[in-house]
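Read off the chains here:
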Amino acid sequence: MSIFLVTGGSGLVGSAIQAVVSRNPSSSETWIFLSSKDGDLKVRSDCDAIFEKHKPTHVIHLAAKVGGLFANMSQKVEFYRENIIMNDNVMECCRIHKVKKLVSYLSTCIFPDKTTYPIDEGMLHAGPPHPSNEGYAYAKRMVDTMNRAYSEEYNCCFTSIIPTNIYGPRDNFSITNGHVIPGLIHKCYLAQRDSTPFTIWGSGTPLRQFMYSEDLAELTLWVVREYDDPEPIIISVDEEAEVSIKDVAMAVVKAMDFKGEVVFDTSKADGQFKKTASNKKLRALKPEHKFVGIEEGIGKAVEWFKEHYDTAR
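Now for a quick tour of the structure. On a predicted model such as this, the values are computed, not experimentally measured, just so you know. (Residues numbered from 1 in each chain as written. Predicted model: local features only at pLDDT ≥ 70, side-chain atom pairs only at ≥ 80, totals over all residues. Heavy atoms only, no water.)

A few words on the pairing of strand β3 (residues 58–61). Each regular strand carries side chains that alternate between the two faces of the sheet. Side chains His58 and Ile60 project from β3 onto one buried face, and the interleaved Val59 and His61 project onto a second face that is buried too. Where strand β1 (residues 2–7) and β3 come together, 4 bridges link them in parallel fashion. Looking at the pairing, Phe4 lines up with His58 of β3. Direction of pairing for β3 relative to strand β4 (residues 101–105): parallel, over a ladder of 4 bridges. Counted as the bridge partner of His58 is Lys101 from β4. (Buried < 20%, exposed > 50% of the residue type's maximum accessible area, 1.4 Å probe, protein only. Helix = DSSP H or I, 4+ residues; strand = E, 2+ residues; numbered from the N terminus. Pairing = 2+ DSSP bridges.)

If you want it as structure tokens, here you go:
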């Protein structure tokens, strides 16, 4: 019997993994999804107690201290220390309790600030990250370094996933603190409810690779079951699936059946034009995977948000 322990199991990705696992249950697998109520992973005794209680054979480590731009800029020490301590506790508990596989999550925002595109796995340490999130970025980069160190010294099977932009049900739909797609869904919902224009910040021209949360969940299950290389793997839609923010906004308009005015507020900054990631490594190993298209995925996210408006984050 394999026992899969998922830290940060109640968030966007954890709940997507839960949904995928529940559709295809295996009698040889037990899944445990942790939330902060189960203990503080920054406290070593809490972490030890969780491992003692559940005795996992496999761990998917999603838990992290995360935040928006302002939080990252103003709390670099906390973003570094809290993530370093949490990751160190989880890794060392995995070693001590002889966990067969640990899969941790990294982020494309930890790549070098000055780089060429598309980015790939080999470029992770090729220069400093953007100064705004260097505390978080260096803590996350150390996961990759320690995966190799644990592999070399203790023969542990530790690896990591680098996902691109994720969206889907149970996302953070906050307009001020959420990411692009959930923020646009919430804005469009309010514009429809209040009969006001749907206003998108910026020109709508920047390009991004967006991935539906259950696609990432399915590929995470493949990684934890079959991918044994300590070197990280980028999980992303293909480069050709890159879409503009305007395309995303119009997909939200269509899914919401919004008939009002759509305004692009060009007085607001656009941010980086593109941050393309290469999924060549993934495609070499999983050429057959079909990603959910952007319109279908946004349609599912919109339906979930409308049904759960009163309780959504």
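A few words on the sheet that holds strand β10 (residues 233–235). Each strand in a sheet pairs with another by means of backbone hydrogen bonds, the pair being arranged parallel or else antiparallel. One open sheet accounts for 6 strands, arranged β2-β1-β3-β4-β5-β10; its pairing is parallel. Only two strands of the sheet have a single neighbouring strand rather than two, namely β2 (29–33) and β10. Going from strand to strand, the sheet's axes swing by 20 degrees on average, the running direction of each strand aside. Taken strand by strand, helix α1 (residues 12–23) contacts β2, β3 and β4, and its axis lies near 155 degrees from that of β2. Contacting β3, β4 and β5 (158–163), helix α4 (residues 76–96) crosses the sheet at an angle of about 170 degrees to β3. (Axes fitted to C-alpha atoms, helices over the stretch in contact; angles between N-to-C directions. Contact = heavy atoms within 4.5 Å.)

The next subject is the packing of aromatic side chains. Applying the stated criterion across every chain, the model contains 12 aromatic pairs. Consider the rings of Trp31 and Phe33, whose centres lie 6.0 Å apart with planes at 20 degrees: the pair is stacked. Arranged with centres 5.9 Å apart and planes meeting at 20 degrees, the rings of Phe173 and Trp304 form a pair that is stacked. With a gap of 131 residues between them, Phe173 in the loop between β6 (165–167) and α6 (180–194) and Trp304 in helix α10 (residues 294–307) connect regions that are remote in the sequence. Overall, Trp304 belongs to the buried group, its relative accessible area being 14%. Ring pairing ties together the aromatic residues Phe173, Tyr189, Trp304, Phe305 and Tyr309, which thus form one cluster. Above the ring of Phe79, the side-chain terminus of Lys65 is found at 4.8 Å from the ring centroid. Against the face of Tyr154 rests Arg95, its NZ or CZ located 4.6 Å from the ring centre. (Phe/Tyr/Trp six-rings, centres within 6.5 Å; stacked < 30°, edge-to-face > 60°. Lys NZ or Arg CZ within 6 Å of the ring centre and 35° of its normal.)

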